[in-house]
Amino acid sequence: MKTIVYPGSFNPITNGHTDLITRALKVFDQVIVAIGTSLQKDPKTALAERIALCEEVLASHGDRVVVEGFNGLLVNYVRGRDTMFILRGIRTVTDFDYESQMVQMNQSLDPEIEYVFMPSAHEHSFVSSTLVREIAQMGGDVGNFVHPAVKAALANGTAG
Ligand code: PNS
């Protein structure tokens, strides 16, 4: 079985993330959504809440999508899985610059790691968790960018 790890903060999961996962399942048998913590971003929403929301949003994929949380370095987490593939979505040139640095850093920590970049679909290329959080906090409608469960969680303060 070919598995790929899709790491991210998922704070919250957006339609851009779910689209990427659906498309990755055309190539891989299983996607492990690995919810980590970036020291730079330091999400306010607890890991357990982000995991629960991702599980709800991705439930229709059954056991082809597994959601897990991890602490610490991504390379250490991936070493414990039955794959060395990491999936990341690319929206813009800025994403590519940032991701290239992450690839090189992670590959220098573990040369076995291989990255797969997928371009985001054009209708999601401007969607980011950061903007979704900001719009929701200021009372805007995020219904076009996230699953209804995420919209509800943002509204009741259990996401974002
Ligand atoms: O969705 P994001 O915020 O772009 O995801 C970033 C994430 C969680 C993938 C990244 O911060 C990460 O890998 N965190 C784990 C800690 C780590 O390995 N840091 C070194 C990166 S070179």
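Overview of the structure. Since we're looking at a predicted model, the values are computed, not measured.

Our focus in this paragraph is the site of the ligand. Close contacts around the ligand come from 14 residues, with Ser9, Ser38, Lys41, Leu74 and Arg88 the closest. Between the ligand and Ser9 there is a distance of 2.5 Å, counted from an oxygen atom to a side-chain nitrogen or oxygen. Between the ligand and Arg88 there is a distance of 2.8 Å, counted from an oxygen atom to a side-chain nitrogen or oxygen. In the complex, the protein chains occlude 83% of the 550 Å² of accessible area that the ligand would expose alone. Judged by its atoms lying within 2 Å of the grid points, the ligand is housed in the largest pocket. Those elements giving two or more residues to the shell around the ligand turn out to be β1 (3-8) and α4 (93-109).

The final tally for this structure, using the stated rule, is 6 aromatic pairs. Note on Tyr115 and Phe117: the rings are 6.1 Å apart at their centroids and 70° apart in plane angle, and the pair reads as edge-to-face. Relative accessible area serves as the criterion here: at 28%, Phe117 is assigned to the partly exposed category. Chaining the aromatic ring pairs together yields one cluster made of Phe96, Tyr115 and Phe117.

So, how was this worked out
Residues numbered from 1 in each chain as written. Predicted model: local features only at pLDDT ≥ 70, side-chain atom pairs only at ≥ 80, totals over all residues. Heavy atoms only, no water. Near = heavy atom within 4 Å. Polar contact = N/O pair within 3.5 Å; in protein donor to acceptor, adjacent residues only side chain to side chain. Areas by Shrake-Rupley, 256 points an atom, 1.4 Å probe, with all protein chains shown as cover. 1 Å grid on protein atoms, 1.4 Å probe; cavity = no way out; pocket = protein on both sides within 12 Å on 5 of 7 lines; lining within 4 Å. Sits in = over half its atoms within 2 Å of the grid points. Helix = DSSP H or I, 4+ residues; strand = E, 2+ residues; numbered from the N terminus. Phe/Tyr/Trp six-rings, centres within 6.5 Å; stacked < 30°, edge-to-face > 60°. Buried < 20%, exposed > 50% of the residue type's maximum accessible area, 1.4 Å probe, protein only.

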